[in-house]
Amino acid sequence: MERPVHPDLGGVEPPPKGRKGGGIGKRLTPYGLLAPAGAWQLLFFIIPMLAMVTLSLSTGVSTRTGFSFDWAFSNYPEVIHRYGEFFLRSFRNATIVTIIALLIAYPAAYWIAFYGGKRKATYLLLLLLPFFVSFVIRTLSWSFIFSDEGFVLGTLKSWGLLPDNFHILNTTTAIIAGITYNLLPFTTLPLFVSLDRIDKRLVEAASDLYASKREAFRKVVFPLSLPGVFAAVLLTFIPAVGDYVNAEILGGPGTLMLGNQIQTEFLRYRNYPRASALAFILMLLMMVGAAVYARVLGTEEITT
């Protein structure tokens, strides 16, 4: 007996009922593709975070006697009261670093994207070339540049352009300069990617509609580059808040940041509950800040 042919399928025989394309394998494919990333997040983020939270709610002051988990929520108000000044200093420095990095990186990324031509890759390589050197070595080089008798300040003092008691090292200015320099690629690259994706014909259309270069930038280029600005701010601000290398090498006792205190609590005092509470509060504040920042900027609208 011949099988019936569906009239709406142009004479093509429909598939037998009960046979679904792909079956279970097709439905499990997306989860299989997500499995490596999920395993990575589980091993190197979720499990360490759970361990840190558990440790932050423990008591004990020595690794020899061990720490006991007893829901010690008092660790959190204690570290906020003890290190509140370092929280404010870290967020203040990170905000200044982010603003300065944006002011430096945006014009550079804009010029490379719109006027770089065929040499865009070369200009990006020249921009990133110093960062092939170790992070610590680059920071140490800044300590030589900022030293009171270094080849920069020492020369300017010998010429009478600076007073003899002028110094930059061990100040907040040196820390901000060092962090800004070290994080500049994290600001420039997302900005360049966002600016380079803008259709240049939109700028030409704005000019055809009698818009000046300033108006075309303000109404066309900058709004379309907001996803890059969003990514650049996050990639700059978050590492800047937790930085401790620049503050340790370029700063002094009165300019240390929260990352230095976390390091001290972990490595010097071995007070793991207090250090874990500090780290968790810092991470929580940054997550909340990033969520509020995304909400205010409206990234769901500018990325669709």
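Residues numbered from 1 in each chain as written. Predicted model: local features only at pLDDT ≥ 70, side-chain atom pairs only at ≥ 80, totals over all residues. Heavy atoms only, no water.

Concerning the overall build of the protein
Within the protein, the regular secondary structure consists of 13 helices and 2 strands. In the protein, which comprises 304 residues, the share counted as buried stands at 35%. For the protein, long-range pairs separated by at least 24 residues make up 67% of all intrachain contacts whose partners lie at least 6 apart in sequence. (Helix = DSSP H or I, 4+ residues; strand = E, 2+ residues; numbered from the N terminus. Buried < 20%, exposed > 50% of the residue type's maximum accessible area, 1.4 Å probe, protein only. Contact = heavy atoms within 4.5 Å.)

Some remarks on the packing of aromatic side chains
Within the structure shown, the criterion is met by 19 aromatic pairs. Relative to Tyr272, the ring of Phe67 lies with its centre 5.6 Å away and its plane at 35°, an arrangement referred to as tilted. Here Tyr272 lies in helix α12 (residues 272-297) and Phe67 lies in the loop between β1 (58-59) and β2 (68-69), a separation of 205 residues in the sequence. Overall, the relative accessible area of 24% leaves Phe67 in the partly exposed class. A relative accessible area of 22% places Tyr272 in the partly exposed class. (Phe/Tyr/Trp six-rings, centres within 6.5 Å; stacked < 30°, edge-to-face > 60°.)

Some thoughts on the side chain of Asp243
With respect to the element layout, Asp243 can be found in the loop between α9 (226-241) and α10 (245-250). Notably, Asp243 is buried but unbridged: the nearest opposite-charge side chain belongs to Arg138, and the N-O separation is 9.6 Å. Other than its neighbours up to four places away in sequence, Asp243 contacts Phe135, Ile179, Met257, Gly259 and Asn260. (Lys, Arg positive; Asp, Glu negative; His and termini not counted. Salt bridge = Lys/Arg side-chain N within 4 Å of Asp/Glu carboxyl O.)

Observations regarding the pattern of salt bridges
Side chains carrying opposite charge are able to pair once their charged atoms draw close together. Across all of its chains, the model carries 6 salt bridges by this definition. Note that Arg82 is salt-bridged to Glu78, the shortest N-O span being 3.7 Å. In this pair, Arg82 and Glu78 are both assigned in helix α2 (residues 75-115), 4 residues apart and thus about one turn of the helix distant. On the accessibility criterion, Glu78 (32% relative accessible area) is partly exposed.

Focus: a nonpolar patch on the surface
A grouping of Trp40, Leu42, Leu43, Phe44, Phe45, Ile46, Ile47 and Leu50 is seen on the molecular surface, where their side chains present a nonpolar patch of about 840 Å² in accessible area. Looking at the secondary structure, you find Leu50 in helix α1 (residues 23-56). With a relative accessible area of 54%, Leu50 lands in the exposed category. (Patch = residues over 30% accessible without salt bridge, like charges linked within 9 Å, V, L, I, M, F, W, Y side chains within 5 Å. Areas by Shrake-Rupley, 256 points an atom, 1.4 Å probe, with all protein chains shown as cover.)

Description of the nonpolar core
Judged by nonpolar contacts, the single largest core of 30 residues is most densely connected at Tyr83, Ile179, Leu258 and Leu278. Within the residue set of this core, elements represented by two or more residues are α1, α2, α6 (172-196), α9, α11 (258-268) and α12. It is α12 that provides the largest number of residues to this core, a total of 8 residues. For Leu258, the residues in contact, after removing those within four places along its chain, are Tyr83, Phe86, Phe87, Ser90, Leu278 and Leu282. Tyr106, Ile112, Leu195 and Val221 belong to the second-largest nonpolar core, a separate cluster that totals 18 residues. (Core = buried A, V, L, I, M, F, W, Y, C linked by side-chain atoms within 4.5 Å.)

Re the side chain of Lys157
Summarising the element assignment, Lys157 is placed in helix α5 (residues 153-158). Within the buried core, Lys157 has no salt-bridge partner, and the shortest N-O distance to an opposite charge, that of Asp148, equals 4.4 Å. Excluding its chain neighbours within four sequence positions, the residues that come into contact with Lys157 are Asp148, Leu162, Pro163, Asp164 and Phe166.

Digging into the environment of Asp70
With respect to the helices and strands, the residue Asp70 is situated in the loop between β2 and α2. Each C-alpha atom of the pair Asp70 and Thr54 lies 9.2 Å from the other, and the pair is 16 residues apart in sequence. In contact with Asp70, not counting residues within four places along its chain, are Leu57, Ser58 and Thr59.

Considering the packing of helix α4 (residues 135-146) against α6
At a minimum axis distance of 10 Å, the contact between α4 and α6 shows a crossing angle of 140°. In terms of axis orientation, α4 runs oblique to α6. Crossing hand, α4 versus α6: right-handed. Here α4 contributes Phe135, Arg138, Thr139, Trp142 and Phe146 to the contact with α6, which in turn contributes Ala174, Ala177, Tyr181 and Asn182. For the contact of α4 with α6, a count of residues per class yields 6 nonpolar, 2 polar and 1 charged. (Axes fitted to C-alpha atoms, helices over the stretch in contact; angles between N-to-C directions. Parallel < 35°, antiparallel > 145°, perpendicular 65-115°, else oblique. Left-handed = near helix turned anticlockwise from the far one by under 90°. Nonpolar A, V, L, I, M, F, W, Y, C, P; charged D, E, K, R; others polar.)

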